[in-house]
Amino acid sequence: MPISLLQPGYTPRLAGEDLVHAAALADCEADLPPILVHRPTMKVIDGMHRLRAAQLRGRTEIEVRFFRGPEEAAFVLAVQANTTHGLPLSLSDREAAAGRILRSHPHWSDRAIASATGLAARTVSAIRSRLDESVPQVTMRLGRDGRVRPLNAVEGRLRAHALIQQHPQATLREIAKASGVSLGTARDVRQRVRQGMDPLPGRHQQDQRGPAKRAAAARPEQSPDCSAVLQNLRKDPSLRFTDSGRSLLRLLDSGVSAVRDCRDAIDAIPPHALYHIMELARGAAAEWLDLAERLHERTEAARRDDRPGGVRAD
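Read on for a plain summary of the structure. Worth saying up front: this structure is predicted, and the values here are computed from it rather than measured.

**Notes on the overall build of the chain**
Per the secondary structure count, the chain includes 15 helices and five strands. A total of 314 residues make up the chain; the buried ones form 32% of that total. Contacts spanning at least 24 positions in sequence make up 65% of the contacts within the chain whose residues lie at least 6 apart.

**Things to note about helix 8 (residues 172-179)**
Turning to helix 8, its buried residues are Leu 172, Ile 175, Ala 176 and Ser 179. Projected down its long axis, helix 8 shows its buried positions confined to an angular sector of 95°, all on one face. More than 90 degrees from the buried face of helix 8, the exposed residues found are Lys 177 and Ala 178. Gly 180 occupies a position one or two residues after helix 8 and carries a positive phi of about 75°.

**Topic: the nonpolar core**
In this structure, Ile 45, Phe 67, Ile 101, Leu 102, Trp 108 and Ile 113 are the most contacted members of the largest nonpolar core, which totals 26 residues. Mapped onto this core, the elements with two or more residues apiece are helix 3 (71-84), helix 4 (91-104), helix 5 (110-117) and helix 6 (121-130). Element by element, the count of residues in this core is highest for helix 3, at seven residues. Sequence-distant contacts of Ile 113, defined by excluding residues within four places in its chain, comprise Ala 98, Ile 101, Leu 102, His 105, Trp 108, Val 124 and Arg 128. Judged by nonpolar contacts, the second largest core, of eleven residues, contains Ile 3, Leu 6, Val 37 and Ile 62.

**Details of the environment of Leu 32**
Note that Leu 32 resides in the loop between helix 1 (19-27) and strand 1 (35-38). Sequence-distant contacts of Leu 32, defined by excluding residues within four places in its chain, comprise Leu 25, Arg 50, Ala 53 and Arg 57.

**With respect to the side chain of Arg 190**
By the element assignment, Arg 190 lies in helix 9 (residues 183-194). Arg 190 sits in the buried class, given a relative accessible area of 13%. With near-sequence residues (within four places) excluded, Arg 190 lies in contact with Ile 164, Ala 170 and Leu 172.

**Digging into the layout of surface pockets**
Quantified by volume, the second largest pocket comes out at close to 360 Å³. As for the second largest pocket, its lining consists of 20 residues, and the residues nearest its centre are Asp 46, Gly 47, Arg 50, His 85 and Gly 86. Among the secondary structure elements, those contributing two or more residues to the lining of the second largest pocket are helix 1, strand 2 (43-46) and helix 2 (48-56). Looking at the lining of the second largest pocket residue by residue, the class counts come to eight nonpolar, seven polar and five charged.

**Details of the side chain of His 161**
With respect to the helices and strands, His 161 occurs in helix 7 (residues 153-166). The exposure class of His 161 is buried, given its relative accessible area of 18%. Not counting the four nearest positions on each side in its chain, His 161 is found in contact with Val 189, Val 193 and Pro 199.

**Structural notes on the pattern of salt bridges**
By the definition in use, this model includes seven salt bridges. In this structure, Arg 52 engages Glu 17 in a salt bridge whose closest nitrogen and oxygen atoms are separated by 2.7 Å. Taken together, the positions of Arg 52 in helix 2 and Glu 17 in the segment before helix 1 put the pair 35 residues apart, joining distant regions of the chain. Asp 188 is the salt-bridge partner of Arg 192, the closest N and O atoms lying 3.2 Å from each other. Residue Arg 192 and its partner Asp 188 are located together in helix 9, separated by four residues, close to a single helical turn.

**Some thoughts on the pairing of strand 2**
Across three bridges, strand 1 lies against strand 2 in antiparallel orientation. The residue bridging His 38 from the neighbouring strand is Lys 43, located in strand 2. Following strand 1, the chain reverses through four residues before pairing antiparallel with strand 2; Met 42 in that reversal takes a positive phi of roughly 60°.

**Here we look at unusual backbone geometry**
Residues other than glycine predominantly adopt negative phi, and peptide bonds predominantly adopt the trans conformation. In this structure, Met 42 takes a positive phi of about 60° despite not being glycine. Overall, the relative accessible area of 12% leaves Met 42 in the buried class.

Thresholds, definitions, all that
Residues numbered from 1 in each chain as written. Predicted model: local features only at pLDDT ≥ 70, side-chain atom pairs only at ≥ 80, totals over all residues. Heavy atoms only, no water. Helix = DSSP H or I, 4+ residues; strand = E, 2+ residues; numbered from the N terminus. Buried < 20%, exposed > 50% of the residue type's maximum accessible area, 1.4 Å probe, protein only. Contact = heavy atoms within 4.5 Å. Arc of directions from axis to C-beta. Core = buried A, V, L, I, M, F, W, Y, C linked by side-chain atoms within 4.5 Å. 1 Å grid on protein atoms, 1.4 Å probe; cavity = no way out; pocket = protein on both sides within 12 Å on 5 of 7 lines; lining within 4 Å. Points joined across faces, edges and corners; volume = space filled by probe spheres on them. Nonpolar A, V, L, I, M, F, W, Y, C, P; charged D, E, K, R; others polar. Salt bridge = Lys/Arg side-chain N within 4 Å of Asp/Glu carboxyl O. Pairing = 2+ DSSP bridges.

Shown next as structure tokens:
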């Protein structure tokens, strides 16, 4: 790519480029890695020192890789790249970058922003507090694991409870979307309502009384062992000995294996591809959740049909 077509752009360095560092790179005999460029604007995302080094060498062209996402994502990539290689960012650089990301991605959790900037989550939380007036207020936050969680679980559950009472025929997806909770939370609230229970579990009832020691009672939800579930499904004759069953098993096995293989390859993902793969993972997770909800609704329908007096279609 001709150097003349490139523009300086997304550096998180408050003091700009370090010319001494660029000169040191220019004196290096080894070939330098390609720089990362935002294709819509031709601004450099990562590699300004390498660009200056190429100019100092008298080069008119430089090897580039392109990123075609939004500009806000380009800045996040610039910060991530500069915290993992090259000339380290100063603490002031990283704190300023966290403030900018908080303004452009207010729905990101403190831990997610901390991971991108190389700061501690508590430092990001303190920066968020200082910027409260300029940071858009949100009711949900997106974590490092791609899951969206409400800031106040009690309020979300109470909204879901009110919606279920007002619209008992509404689907779980409609309830979750309108109340700002996850499908799993909407399902739990509806089950509690049907059983005549309080819509708030014990730990959330503590939330109503105050925050003291409420986190100590919380326990992380245990994820199912996918390998064990698949192994049991493979033993099912109705799946093993039918063409449709075997096709389903292959699809399930490939999906679980793909996630496991991608998790093992995280460290090998180039910085410019992190955002795209992250978005792809979130989209796939949403599709799996939608599939789980449809399966749950079919399970509930089957249970109703099996109850005394239920009508079962043969």
